[in-house]
Amino acid sequence: MPVQLERRTRLPPDARSAGRARRMLQEALRELEDGGPEDSGLADLIDTVILLASELCENAVLHAGTEFEVALTVTETEISVEVTDRGAGPLEIHLSQPRQRYGRAASHGRGLALVQRLATVWGTRHEADGRHVTWFSLARVDRPAVPEVPPAPPDAERVWTTAEQARWLLHVPPGLVDRLEPAELVAELVRRLRELLDAESVSVEVDEGDGTGAREVARDGVQGGVGGSIQHLSRTVEVRLPTTAPLRGVLRVLHRHGGSASSDPDRTRDLTELIAYRVAMAVESQWLRGVDQRRRAWMTYLAETSELLGQSLDVDLAVTVVPQVVVPRLGRWCAVHLVDSSGALQLAALTHALEDALPELRGVLDPNGSPGLPGELRHRLAEVVRDGSSAVRFAVPTDGIALPLRARGRTLGTLLVGRPDGRPHSPEDVVLAGDVARRAALAIHNAQSTGAHVAVSQALQQALLPRALPVVPGVEFASEYLPASSGSDVGGDFYDVLTVDPSQWLVSIGDVCGKGARAAARTGLVRDVLRVLVRDDRSLPRAIEMLNEVMIEADDPLQFCTLAAAMVSRRRRGPGGSGDSRGGLDVELALAGHVQPVLVRADGTAELIGTFGTAVGLVPSVRLSCTRHRMGPADTLLVYTDGVTERRRGREQFGAERLLAVAAGAAGKPAVQVVGAVREAVERFSAEPLDDDVALLAVRAAP
C-alpha cells in the first residue's frame, strides 16, 4: 500500500515532549486535511489520532523515562502511529503495581483503555535491541487518494495564530465527544490548555459535597516541575468551576518563569476561565450520571430491604434483619434498641463488619452490659426517643447517627449506624438510613402487632380445651390436639370431658365450621351450653336439640358445628348395686353430623360405631339417633375430628380404613398409647403441613 504521508520525530523524556509530539501530528495531519476535500469525518479522525498518540506519549514520559520516538504513517486506508521507547512495557508496569491506586495515580492508566476502545487495531511488541513499541491504527473509510506531501524538515514548527489556538482549545468534535467518558474529555481539555499556555501543570479538583473532600479528577504535567523543584515556578492561577451546589471545583494552572502564561497573565486567566465552563459541563455531567446511578441503586436497595423485612412477622427475626441490611452499605456497625414495657431501651440486635469487634461493641451498647451505654450516647438516645423526628449524630463509641424507629405515631426504639470506613456519613447516607429506619419500624410494628394477636389467639385456643382430663379409678382418658396453624388462626376443633357424677362422664368432640375469632366464639358456646344442658339432667338427644335451638337463634348459618357426644357410665352389677371398676363401661352415643368414632376391642378388632345425624346450627330441626354400646375391660373408645381421616398425601386420604388398622394395632394398650399411635400415623402419612386441625380423645375401660 503506497504511503501518502510519513513523519517521525525523537523526543526527550520531558513533560513538554508530549505537547511537541501533538503539534507535530497536528501540523502533519492538517496538511493531509488541507490536501483533500472538506470532510468533518476526517477532522474527527484526526482528533482521535492526536488524542490516542498523546496518551501513548505521556505513558512513555511517565513510565519509560527514556528518550522516545513518535512515527506517523498515513496510507489510503489507515492512519498509524508508533511510540517507541526503551522502558518497561505497559504489561510489566501493570504487573508491578497490581494494587488499587488512589489520588493522582488513579487518574493515570487510562491511555491503553482509550486506545483499546477507539483504535481500529492496536498492539505492542518488543524488539531484539530492547526497544518497546506501542502502536495503533485507525481505518479511513472511502478516502480518496491524495498526492504525497513531501516531509517537512524535522525542526520546522508552524506558529499558530490566536484564532487557531482558541478554536483548537474549545472545539472537540462531536463524534469524539460521544465516544469519550466525561473524565476523559476533561483530561483532553486540560492537556490542550496546558499546551497553549506552556504551563508547568494544569489540574482540576472537584468536591462533590459528600464529606470526602476535594479530589483531583484530571492533571496534565508534573506537580512541582521536573525533578520536584518549584524554585523556577512563578505563580498559580485558580479559577472556580461554575457548577451548581453541592458540587464545587477549581481549575488550577501552575506556570513557570519565561512561559507564555507568565508573560501575558490576562490571556492566561481569560483562557482558563473559558475552558473552565467547558470543564464544568463535563464534570457536572459525570456527577449527575453518578447521582442517577446511586439513586437507581438506592431504589433497588430499598426494594430488597422491604422484601427482606416483610418476609416474616416474627419480631425477633424482623429486628435481626435490620442490621444485616445496613452493614456495610451505610456503616461499619449497626445496633437496634427497642423500648420495653417500662419505657427503657433494650439492645435487640447488633452487627459489625468485623466479627472480632462485636463483644467489645456489645458491652458498650448494651444498657445492661458492662460498662454499658456512655452518658453522652444515653442522652442522645433519650433525645431521639423523646422527639422521634430526625437523625442525631454522636461521637461515642465511634462517629455515627441515631435515628428513631417510629411507626403509627409511636417511637418503638432507635437505629444506630456507625460511620462508614474512611469517611463520615454524607447527607445522602442520612436520607437513605432514615428511609431504612422507617421501613424497619413499620416491619417491627407489624411483627409486634401480629405477635400480640397471635398470643391472644393461642390463649383463646387453649381456653377452649380442658386444662386437665379427669383421673378416676377404672377409667382412662387421653387426648391430643394438633393445630393446623400456630399463628392467629384459631381452629374450630374442640374436645371436652365433663364429670356428671362420680360414675358418669360426658365425652364430647366437635368441629365448628370456619376459623378465627367467630369460630372460637361459637366453639365456646357449643361446649358451655352442652355442659349446662347435660347438668340439668336432660337426656343427651334432648340436650343436643336444645343446643341446636340456641345456635339457630344466633342467625348465623355459616357457623354450624358437627358434634359427637357420648355419655360414658360405669357398668353396674344390677339394680341398686355399686359400680364395678372391672366390669367395663356403657356408652350412649349421639352423632350430630360428626365422623363415626372407633371402638377398639381388647381382642385386636376395631370398628366404626354410631349413626349419622344432622349437624347442629344448620337447620331448625335436627334428626338424631342415639346408639348404645358396651365396652369390656381394656376396650377403648376413640373419638376424633375429620382432620384425621381427611389428611392428604397428594390425592390420597388417610381414610377410615387406615385409621381402623392403626387403632387395631394398638388394641389392649393404655389410652395414651392408642392416641399416640394414631397421631404418629397421621404425621408419618404426609410430610406436608397440616391443613386442618386434628383432635383425638380416647376413653378406655380398665382391664
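In case you missed it, the structure is sitting above this.
Residues numbered from 1 in each chain as written. Predicted model: local features only at pLDDT ≥ 70, side-chain atom pairs only at ≥ 80, totals over all residues. Heavy atoms only, no water.

Asks: Sorry, what's going on with the overall build of the protein chain here?
Replies: Within the protein chain, the regular secondary structure consists of 18 helices and 26 strands. Taken over 703 residues, the protein chain has a buried fraction of 48%. The long-range fraction of contacts in the protein chain, counting pairs at least 24 apart against all pairs at least 6 apart in sequence, stands at 66%. Total accessible area on the protein chain is roughly 33400 Å²; 51% of this is exposed by carbon and sulfur atoms. (Helix = DSSP H or I, 4+ residues; strand = E, 2+ residues; numbered from the N terminus. Buried < 20%, exposed > 50% of the residue type's maximum accessible area, 1.4 Å probe, protein only. Contact = heavy atoms within 4.5 Å. Areas by Shrake-Rupley, 256 points an atom, 1.4 Å probe, with all protein chains shown as cover.)

Asks: I would appreciate a short explanation of the nonpolar core in the present structure.
Replies: In globular proteins that are soluble, nonpolar side chains generally tend to be buried together. Ranked by size, the top nonpolar core spans 63 residues in total, and within it Leu29, Val70, Leu72, Phe136, Val204 and Leu241 carry the most contacts. For this core, the element with the most residues is helix H2 (residues 40-64), which contributes 12 residues. With sequence-adjacent residues up to four places away left out, Phe136 is seen in contact with Val49, Leu52, Ala53, Leu56, Ile79, Ser80, Val81, Val115, Ala119, Val121 and Trp122. Membership of the second largest hydrophobic core comes to 29 residues, among which are Leu338, Ala407, Leu432 and Ala437. (Core = buried A, V, L, I, M, F, W, Y, C linked by side-chain atoms within 4.5 Å.)

Asks: I would appreciate a short explanation of helix H18 (residues 671-685) in the present structure.
Replies: Each α-helix turn comprises 3.6 residues. Residues three or four places apart therefore point the same way. Counted at 1.5 Å a residue, the expected span for H18 with its 15 residues is 21 Å, and the 21 Å between its end C-alpha atoms agrees. Within H18, burial applies to Ala671, Val674, Val675, Gly676, Val678, Ala681, Val682 and Phe685. (Expected span 1.5 Å × (residues − 1).)

Asks: Please clarify how the side chain of Ser686 should be interpreted in this entry.
Replies: Inspection of the secondary structure puts Ser686 in the loop between H18 and strand S26 (694-701). Only 3.1 Å separates the side chain of Ser686 from the backbone oxygen of Arg648, close enough to count as a polar contact. For Ser686, the residues in contact, after removing those within four places along its chain, are Arg647, Arg648 and Arg649. (Polar contact = N/O pair within 3.5 Å; in protein donor to acceptor, adjacent residues only side chain to side chain.)

Asks: Hey, could you run me through the packing of helix H9 (residues 265-309) against helix H13 (residues 427-463) in this one?
Replies: Helix-helix packing is described using two parameters, namely the angle between the two axes and the distance between the axes. Axis separation between H9 and H13 bottoms out at 10 Å; the angle between their running directions is 20°. By the criterion of interaxial angle, the relationship of H9 to H13 is roughly parallel. Regarding H9 and H13, the two cross each other, and that crossing is right-handed. Residues Arg294, Trp298, Tyr301, Leu302, Thr305, Ser306 and Leu309 of H9 form the contact with H13, whose participating residues are Glu428, Leu432, Asp435, Val436, Arg439, Ala440 and Ala443. The residue makeup of the contact of H9 with H13, split by class, is eight nonpolar, two polar and four charged. (Axes fitted to C-alpha atoms, helices over the stretch in contact; angles between N-to-C directions. Parallel < 35°, antiparallel > 145°, perpendicular 65-115°, else oblique. Left-handed = near helix turned anticlockwise from the far one by under 90°. Nonpolar A, V, L, I, M, F, W, Y, C, P; charged D, E, K, R; others polar.)

Asks: Explanation requested: the sheet that holds strand S20 (residues 598-600) in the structure shown.
Replies: Across a sheet, strands are paired by hydrogen bonds formed along the backbone, either parallel or antiparallel in direction. With antiparallel pairing, the five strands of this open sheet are ordered in space as S15-S26-S23-S20-S21. This sheet does not close on itself; its edge strands, each paired only once, are strand S15 (475-482) and strand S21 (606-608). Ignoring which end each strand starts from, the neighbouring axes of this sheet average 15° apart. Bridge count for S20 against strand S23 (residues 636-640) is three bridges, and the pairing is antiparallel. Opposite Val598, over in S23, you have Leu638 as the bridge partner. In this fold H18 packs onto S15, S23 and S26, with an angle of close to 20° to the strand it touches most, S15. (Pairing = 2+ DSSP bridges.)

Asks: I'm lost on helix H7 (residues 182-197) in this one. Help?
Replies: The end-to-end C-alpha distance of H7 is 23 Å, a good match for the 22 Å that 16 residues give at a rise of 1.5 Å each. Of all 16 residues in H7, 16 are buried, a share of seventy percent or more. Looking one or two residues past H7, Asp198 carries a phi angle of roughly 55°, positive in sign.

Asks: Is there a simple way to think about the environment of Ala443 in this case?
Replies: Among the structural elements, Ala443 can be located in helix H13. Among the residues examined, Ala443 registers a relative accessible area of 11% and is labelled buried.

Asks: Would you take a moment to explain unusual backbone geometry for this structure?
Replies: Leaving glycine aside, a negative phi is the common case for residues, and trans is the common case for peptide bonds. The omega torsion of the bond from Ala245 to Pro246 falls at 5°, within 30 degrees of zero and hence cis. A cis amide bond, omega 5°, links Ser370 with the succeeding residue Pro371. If you trace the backbone, Pro371 turns up in the loop between helix H11 (358-365) and helix H12 (375-387). Non-glycine residue Ala634 carries a positive phi angle of around 75°. Within the fold, Ala634 resides in the loop between strand S22 (626-631) and S23. Of the residues examined, Ala634 reaches a relative accessible area of 9% and is grouped as buried.

Asks: Would you mind showing me how to read the sheet that holds strand S4 (residues 121-126) here?
Replies: Strand order in the open sheet formed by five strands is S1-S2-S3-S5-S4, and the pairing between neighbours is antiparallel. Lying at the two open borders of the sheet, with one neighbouring strand each, are strand S1 (3-11) and S4. Here the strands of the sheet are splayed against their neighbours by 10° on average, with no regard to which way each runs. Where S1 and strand S2 (residues 68-75) come together, eight bridges link them in antiparallel fashion. Pairing of Leu5 across the sheet is with Val74, part of S2.

Asks: Can you help me understand the pairing of S26 in this one?
Replies: Here is the key point about a regular strand: its side chains alternate between the two faces of the sheet. Extensive coverage of S26 is indicated by the burial of eight of its eight residues. Side-chain alternation along S26 places Val694, Leu696, Ala698 and Arg700 on one buried face and Ala695, Leu697, Val699 and Ala701 on a second face that is also buried. Pairing of S15 with S26 involves eight bridges; the strand directions are antiparallel. Paired with Phe477 across the strands is Val699, a residue of S26. Across five bridges, the pairing between S23 and S26 is antiparallel. Opposite Thr636, over in S26, you have Arg700 as the bridge partner.

Asks: Where do I start with the packing of aromatic side chains in this structure?
Replies: For any pair of aromatic rings, the description rests on two quantities: the centre-to-centre distance and the angle between the ring planes. This structure, assessed with the given rule, holds three aromatic pairs. Residues Trp333 and Phe394 carry aromatic rings whose centres are separated by 6.1 Å and whose planes lie at 45° to one another, so their mutual orientation is tilted. One end of the pair, Trp333, is in strand S10 (residues 333-339); the other, Phe394, is in strand S12 (residues 392-394), and 61 residues separate them in sequence. For the pair formed by Trp333 and Phe394, the shared burial category is buried. Between the aromatic rings of Phe654 and Phe685, the centroid separation amounts to 5.5 Å while the plane-to-plane angle is 90°, which identifies the pairing as edge-to-face. Placement of Phe654 in the loop between strand S25 (652-653) and helix H17 (655-665) and of Phe685 in helix H18 is noted, with a sequence separation of 31 residues between them. Accessibility assignment for this pair places Phe654 and Phe685 in one class, buried. (Phe/Tyr/Trp six-rings, centres within 6.5 Å; stacked < 30°, edge-to-face > 60°.)

Asks: How should the pairing of strand S5 (residues 132-139) be read in this particular structure?
Replies: When you tally the buried positions in S5, you get six out of eight residues, the bulk of the element. Across eight bridges, the pairing between strand S3 (residues 78-85) and S5 is antiparallel. Across the sheet, the residue bridging to Ser80 is Ser137, located in S5. Pairing between S4 and S5: six bridges, direction antiparallel. From the neighbouring strand, Trp122 faces S5, where its bridge partner is Phe136. In textbook terms, the turn of a hairpin is the stretch between consecutive antiparallel strands, and for S4 and S5 this stretch comprises five residues, one of which, Gly130, has a positive phi near 95°.

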